[in-house]
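# Structural overview
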Amino acid sequence: MRTAAKAVQRLAGLALVFLGVTFVIYLAVFALPGDPIRALAGDKPLEASTVAALRLKYNLDLPIWEQYWLYLGGLVKGDLGADFKGRPVLELMASRWPVTIALALTAWALEIVIGLAIGIVQALRKGTVIDHGLLALTVLASCVPVFVLGVVSQQVFGVKLDWLPVAGVRDGWPASYVLPAGVIAVFGLSAVSRLMRGAMVESLSADYVRAARARGFGPGRVVGVHALRNSLIPAATYLATDLGYLLGGTVIIEGIFNLPGVGNLLFEAIRTHEGPTVVGVSTALIVIFLITSVLVDAIHLGLDPRLRRA
Amino acid sequence: MLDAQIPEPAGAPEPAGAARLTARRRAVRRWSFAAPAAALAALVACSIFPAFFAGLFGHGDPRDCDLHLSAEGPAPGHPFGFDVQGCDVWANVVFGARSSIVVGLMATLIAVAIAVALGTWAGFYGGWADQVVSRLTEVFLGFPFLLGAIVVLNSVGQRSPWAVSAVLGVFGWPTMARLVRGSVRSVRGLDYVVAATTMGLSGRRIILRHVLPNALTPVLILATISIGAVIVAESSLTYLGVGLQPPAISWGLQIAAGSRHFQTAPHILIWPSLFLAVTVLAVIMIGEALRTALDPKRAA
């Protein structure tokens with residue numbers, strides 16, 4: 001009963017966030033200066049009648065809240081609207097999702113494997129040269145903007161060493177995805193390793209780990225089961241949230257490596273004032289983001305039994 | 001009282017070793033504050049007196065360009081080489097410090113102001129104020145990375161450092177607001193605040209005199225670190241073409257230009273990137289040093 005009430009409350013909160021974010025995006029796209037119809041025509045002036053027809057078709061003459069209301073009505077029917085050339089936004093995205101998902105999941109896997117490994121090694125070798133060296137390396141790497149890493153690694157591994165394709169997706173997974181995913185993962189994996197190190201250091205000195213040692217469990221079981229599981233919460237929270245960002249926030253890397261993903265579509269749409277596409281893609285990204293935030297809750301419940309009782 | 005009766009642990013000669021360790025640790029701590037502080041001081045000096053520092057190598061004028069020298073490497077008097085327009089790279093990097101630091105500070109100040117105002121309101125009064133602020137925070141946390149800033153800035157015609165700072169600040173406050181709300185809530189229940197309330201002091205006076213001074217430390221630490229994040233965000237926006245615009249001089253613009261010519265003239269990209277990375281690193285280290293010094297839980 002109580003859990004059900006909590007779940008309803010959580011869902012209502014999510015719905016509110018969804019409405020809030022989409023409305024702000026809608027306002028930013030359609031209420032700020034910059035006429036999308038004029039931008040559509042480029043340098044040539046459009047005929048007044050054409051402009052009027054287009055404005056009517058895309059409801060641009062209605063008050064902003066009424067436009068937004070119509071947009072929500074379409075959403076309920078599973079319609080994300082159409083861009084100014086008349087193509088449905090859902091269709092525009094369809095061919096691009098596989099690229100973005102492959103990129104995001106590859107980057108995510110690298111963050112998990114490398115980030116957790118670095119954090120655990122640091123915690124086990126706390127205070128040694130290895131610990132400090134890895135810390136310095138991860139902090140330094142996360143200070144360099146992602147696009148600098150992208151451009152440099154493209155030149156080094158793609159052009160100079162010729163190990164991996166420079167750009168595009170022609171070589172498929174994994175060849176075309178390893179380099180961009182690695183660049184994206186650098187920032188996340190340094191965050192993961194720091195969270196993991198902190199939590200792991202704390203649990204290694206906790207009573208339940210001492211108890212496990214006292215009961216004669218080997219170091220593999222003590223570290224791998226008792227300490228690891230309880231240290232995973234901060235890193236897992238970060239990783240779940242980060243997957244949401246990765247699925248939507250790879251605009252820069254998709255641009256540098258010329259990957260035809262959703263981020264690329266979104267950015268092109270923003271630059272060309274393709275309002276409906278911007279709003280449609282953003283809506284999809286927000287939905288993904290909200291789903292990952294529910295995922296975070298689930299992870300917490302799964303890893304921390306104390307929360308289940310509360 | 002009870003502690004006094006507990007005998008000293010067996011390892012009696014420990015103190016000498018412990019003292020040496022703390023001395024070493026103190027030295028590390030001192031350096032991990034002094035080094036980034038010195039780097040930041042130098043950068044702030046660069047942004048206040050760019051002409052002086054730019055003049056250390058070459059002619060020191062970022063706009064004195066010669067297309068004959070386009071993308072040339074180091075030359076006598078110009079050890080950092082020239083960019084694509086034939087401008088001195090060193091002079092540009094030094095003059096670029098100002099916009100990066102101004103944007104970093106301004107955006108963080110705006111974000112902190114919003115966060116403190118809303119977080120205090122929500123944390124101190126609770127109830128519907130808390131509901132409103134919490135929902136608003138969730139909405140602003142719901143934007144995918146930089147998306148909000150990109151969409152808004154793309155609609156803004158003239159993107160001055162002020163406009164970029166304002167937009168980054170408006171999208172940067174939610175995490176800090178949550179932090180302020182939490183610490184205000186924990187302070188609100190403490191005896192001296194209850195006492196002040198009983199004495200009939202006004203809400204405003206209690207907040208300003210009793211609550212805020214005791215609740216601001218965590219957000220100040222986070223704000224310090226976020227200066228670095230803002231500087232990176234500014235350069236990312238500029239790289240995407242929705243940040244600062246020429247004729248402004250900024251690291252973001254230099255990195256964006258340099259990345260197009262990295263294959264033939266890597267120095268154009270490397271110097272501004274290096275300055276940016278060092279700035280961000282210094283800011284993060286200062287933040288961590290502040291955390292160690294001010295946060296009793298982390299100090300141990």
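Residues numbered from 1 in each chain as written. Chains lettered and ligands numbered in written order. Predicted model: local features only at pLDDT ≥ 70, side-chain atom pairs only at ≥ 80, totals over all residues. Heavy atoms only, no water.

### Remarks on the overall build of chain B
Summing up its helical and strand segments, chain B has 14 helices and 0 strands in all. Along the chain direction, N to C, the helices and strands of chain B fall in the order α-α-α-α-α-α-α-α-α-α-α-α-α-α. Counting only residues that meet the buried cut, chain B has 44% of its 300 residues in that class. A sequence separation of at least 24 residues applies to 70% of the contacts in chain B between residues at least 6 apart. A total accessible area of about 15100 Å² is found for chain B, and carbon and sulfur atoms account for 67% of it. (Helix = DSSP H or I, 4+ residues; strand = E, 2+ residues; numbered from the N terminus. Buried < 20%, exposed > 50% of the residue type's maximum accessible area, 1.4 Å probe, protein only. Contact = heavy atoms within 4.5 Å. Areas by Shrake-Rupley, 256 points an atom, 1.4 Å probe, with all protein chains shown as cover.)

### Things to note about the environment of Phe275 of chain B
Residue and element names in this part refer to chain B. Topologically, Phe275 is positioned in helix H13 (residues 266–294). Given the relative accessible area of 18%, Phe275 is considered buried. With residues up to four places along the chain from it excluded, the contact list for Phe275 reads Leu43, Trp90, Val93 and Trp251.

### Here's the deal with the confidence of the model for chain A
In this model, chain A carries a mean pLDDT of 82, and residues with pLDDT of at least 70 account for 93%. Least confident of the elements in chain A is helix H2 (residues 36–41) of chain A, whose mean pLDDT is 64; most confident is helix H6 (residues 97–124) of chain A, at 92. (pLDDT = per-residue confidence, 0-100.)

### Some words on the packing of aromatic side chains
The geometry of an aromatic ring pair is captured by the separation of the ring centres together with the interplanar angle, meaning the angle of the planes. Evaluated as defined, the whole model comprises 10 aromatic pairs over all chains. With centroids separated by 5.6 Å and ring planes inclined at 45°, the aromatic side chains of Tyr26 of chain A and Tyr71 of chain A adopt a geometry described as tilted. A residue pair is termed long-range when its members are at least 10 positions apart, and Tyr26 of chain A in helix H1 (residues 2–30) and Tyr71 of chain A in helix H4 (residues 64–76) qualify at 45 residues. Judged on exposure class, the residue Tyr26 of chain A and its partner Tyr71 of chain A are both buried. Considering the side-chain rings of Trp121 of chain B and Trp128 of chain B, the 5.6 Å spacing of their centres and the 90° angle between planes classify their relative orientation as edge-to-face. (Phe/Tyr/Trp six-rings, centres within 6.5 Å; stacked < 30°, edge-to-face > 60°.)

### Details of the interface of chain B and chain A
Facing 32 residues of chain B, the contacting portion of chain A comprises 36 residues. In this assembly, chain B packs against chain A so that about 3100 Å² is buried in total across both faces, 79% of it on carbon and sulfur atoms. In this structure, the connection of chain B to chain A is made through 0 salt bridges. Between chain B and chain A we count 1 residue pair in polar contact (both at pLDDT 80 or more) in total. Sorting elements by how many residues they give to the side of chain B that touches chain A places H13 of chain B first, with 7 residues. (Buried area = accessible area lost by both parts, 1.4 Å probe. Salt bridge = Lys/Arg side-chain N within 4 Å of Asp/Glu carboxyl O. Polar contact = N/O pair within 3.5 Å; in protein donor to acceptor, adjacent residues only side chain to side chain.)

### Some points on a nonpolar patch on the surface
Residue and element names in this part refer to chain B. A cluster of nonpolar residues, Trp121, Tyr125, Trp128 and Val132, forms a patch on the protein surface that exposes about 470 Å² of accessible area. Secondary structure elements with two or more residues in the nonpolar patch: helix H4 (89–125) and helix H5 (127–141). Along the polypeptide, Trp128 turns up in helix H5. (Patch = residues over 30% accessible without salt bridge, like charges linked within 9 Å, V, L, I, M, F, W, Y side chains within 5 Å.)

### Notes on the nonpolar core
If you look at the biggest cluster of nonpolar residues, it comprises 132 residues, and the most contacted ones within it are Met93 and Val281 of chain A together with Ile150, Leu168 and Leu237 of chain B. Considering every element that reaches this core, the biggest residue donor is H4 of chain B, with 15 residues. Structurally, this core is a two-domain feature, drawing no fewer than three residues from each of domain 1 (12–92) and domain 2 (97–260) of chain A. Look past the residues within four positions of Val281 of chain A in its chain and what remains in contact with it is Val89, Met93, Val262, Leu265 and Leu266 of chain A. Of all hydrophobic cores here, the second largest spans 14 residues; its members include Leu116, Val192, Leu204 and Ala235 of chain A. (Core = buried A, V, L, I, M, F, W, Y, C linked by side-chain atoms within 4.5 Å. Domains from an automatic or database assignment.)

### Comments concerning helix H13 (residues 262–271) of chain A
Each turn of an α-helix holds 3.6 residues, which means side chains three or four residues apart point in the same direction. For H13 of chain A, the buried fraction is high: 8 of the 10 residues fall into the buried class. Of the positions making up H13 of chain A, those classed as buried are Val262, Gly263, Asn264, Leu265, Leu266, Phe267, Ala269 and Ile270 of chain A. Where the residues of H13 of chain A are buried, they touch helix H5 (89–94), H6, helix H12 (251–256) and helix H14 (275–303) of chain A together with helix H6 (147–155) and helix H11 (217–240) of chain B. Just downstream of H13 of chain A lies His273 of chain A, where phi reads positive at about 55°.

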